[in-house]
Amino acid sequence: MHVVLSIGGSSIIPDGLPDLAFLRSLANLIKKSKLSFGILCGGGTVARLYANAARELGAGEYEADSIAIRSTRQNAALLLAALKSAGIDVHGRVIDDFEFAKEPARVNKVVVMGGTIPGITTDTDSVLLAEAIGAERLVNVSNVDAIYTADPKKNPNAKKYVKMGYEELIALASQSDKRMAGTNFVFDLLACKLIARSKIETHFVSFKRMDDLEAAIEGKKHSGTVVC
Ligand code: UTP
């Protein structure tokens, strides 16, 4: 069985510096598990830095996205290095094409991807990868520990969802989808719609809680949110 992990750039390079302890712990979790994995790496601060610099130099949005995609692939290459040195059976290159991912996902324990085309996010890429390789479960790993009724930083009365339905998630994501950088909900609206159409069980956990991440990978109870 395949599980797709969507690893936010904020988990890989939390303060602009690669978090080697996290990358090593993630590699250990994957090594321990009997499951197969598709992993999609996000860009985080480095992607934003480069995209904004490109915009200031006069680049358009397509170009800014293309540059940001390179950052996601660079993060993916870093994770690939951690997986290789842990002795995991991983496809040897960062994959940039869902169609191509199918065969390595069948023969290797792990395949790793970054972003694909301008205009979308690695949330959406992760769901497309899950659809392409037939993953039944997706785990979103970010600096947000769960889905809340409102932004908990702005609203002290916000309540955590332990479990919620696809339509509820779509409604929440729609409220904050302005198609603008910096206005991001924990999971992109298009990604929410795609998990709903394919009924992919999706878990939201924080990169700071390896116990939750391990439980989510195995489909067990954790302190984040499960959407199904
Ligand atoms: P991310 O999806 O990682 O966005 O891609 P993010 O908002 O930085 O998410 P975190 O912080 O990693 O969780 C970074 C940027 O790369 C471009 C977009 O500009 C996106 O904002 N991108 C990514 C694409 O254009 N296409 C893709 O397929 C992926």
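Placed above this text is the structure.
Everything numeric in this text was worked out from a predicted model, so none of it was measured. Along each chain, residues carry numbers from 1 onward, in the same order as the chain's sequence is written. Where local features are concerned, this predicted model is filtered to residues with pLDDT of at least 70; where side-chain atom pairs are given and counted, the filter is 80 or more; whole-chain, interface and lining totals use all residues. Here the side-chain values reflect all heavy atoms present in the structure, with hydrogen atoms and water set aside.

(A) Local environment of the pattern of salt bridges. For this document, the term salt bridge refers to a Lys or Arg side-chain nitrogen within 4 Å of an Asp or Glu carboxyl oxygen. Scanning the model with the defined rule gives 9 salt bridges in all. Here E214 makes a salt bridge to K32, at a shortest N to O gap of 3.0 Å. One end of the pair, E214, is in helix α9 (residues 210–217); the other, K32, is in helix α2 (residues 20–32), and 182 residues separate them in sequence. Think of it in three bands: residues with accessible area under 20% of the maximum for their type are buried, residues over 50% are exposed, and the middle band is partly exposed, with areas taken using a 1.4 Å probe on protein chains only. Note on E214: relative accessible area 30%, which makes it partly exposed. Judged by its relative accessible area of 59%, K32 falls in the exposed class. The salt bridge involving K154 is made with D151; its shortest N-O contact spans 3.8 Å. When its relative accessible area of 72% is taken as the criterion, K154 is described as exposed. Through salt bridges with shared partners, a single network forms among R209, D211 and D212. Strands are runs of DSSP state E lasting at least two residues, helices are runs of H or I lasting at least four, and both sets are numbered from the N terminus onward.

(B) Structural detail: the site of the ligand. Only a single heavy atom is needed: when it lies within 4 Å of a molecule or strand, its residue is near that molecule or strand. Taken together, 20 residues lie around the ligand, and G43, D65, I117, T122 and D125 are the ones closest in. Any pair of N or O atoms that falls within 3.5 Å is considered a polar contact. Within protein, one atom must be able to donate a hydrogen and the other to accept it, and sequence-neighbouring residues count only if both atoms are side-chain atoms. Between the ligand and D65 there is a distance of 2.5 Å, counted from an oxygen atom to a side-chain nitrogen or oxygen. In this structure, T122 approaches the ligand through a main-chain N or O atom, which is 2.7 Å from an oxygen atom. Among the elements of the structure, α3 (44–56), α4 (61–85) and α6 (122–133) are those that each provide at least two residues to the shell around the ligand. Looking at the shell around the ligand, the element that brings in the most residues is α4, giving 4 residues. The residue classification treats Ala, Val, Leu, Ile, Met, Phe, Trp, Tyr, Cys and Pro as nonpolar and Asp, Glu, Lys and Arg as charged. All others, Gly included, are polar. Tallied by class, residues from the shell around the ligand come to 6 nonpolar, 11 polar and 3 charged.

(C) Inspection of the sheet that holds strand β6 (residues 201–206) at higher detail. In this scheme, strands are said to pair when DSSP sees at least two bridges between them. With mixed pairing, 7 strands are arranged side by side in an open sheet as β3-β2-β1-β4-β6-β7-β5. The sheet is open, and its two edges are formed by β3 (110–113) and β5 (163–164), each paired on a single side. Examined bridge by bridge, strand β4 (residues 137–142) and β6 share 6 bridges and lie parallel to one another. Bridge pairing in β6 places S142 opposite S206.

(D) Region of interest: the nonpolar core. The nonpolar core is taken to be a set of buried Ala, Val, Leu, Ile, Met, Phe, Trp, Tyr and Cys residues, with the residues joined through side-chain atoms within 4.5 Å. Counting 34 residues, the largest nonpolar core has V127, L129, I147, L169, F187 and I195 as its most contacted members. Residue assignment for this core shows that the elements contributing at least two residues are α5 (98–107), β3, α6, α7 (166–176) and α8 (189–198). By residue number, the principal contributor to this core is α8, which donates 6 residues. Every residue pair with non-hydrogen atoms within 4.5 Å of one another is taken to be in contact. If near-sequence neighbours (up to four positions away) are discounted, V127 is found in contact with L138, F187, A191, L194, I195 and I200. Core analysis: the next-biggest nonpolar cluster, separate from the first, contains 31 residues, F22, L26, I39 and A76 among them.

Purely geometric stuff here, so don't read any function into it on its own.
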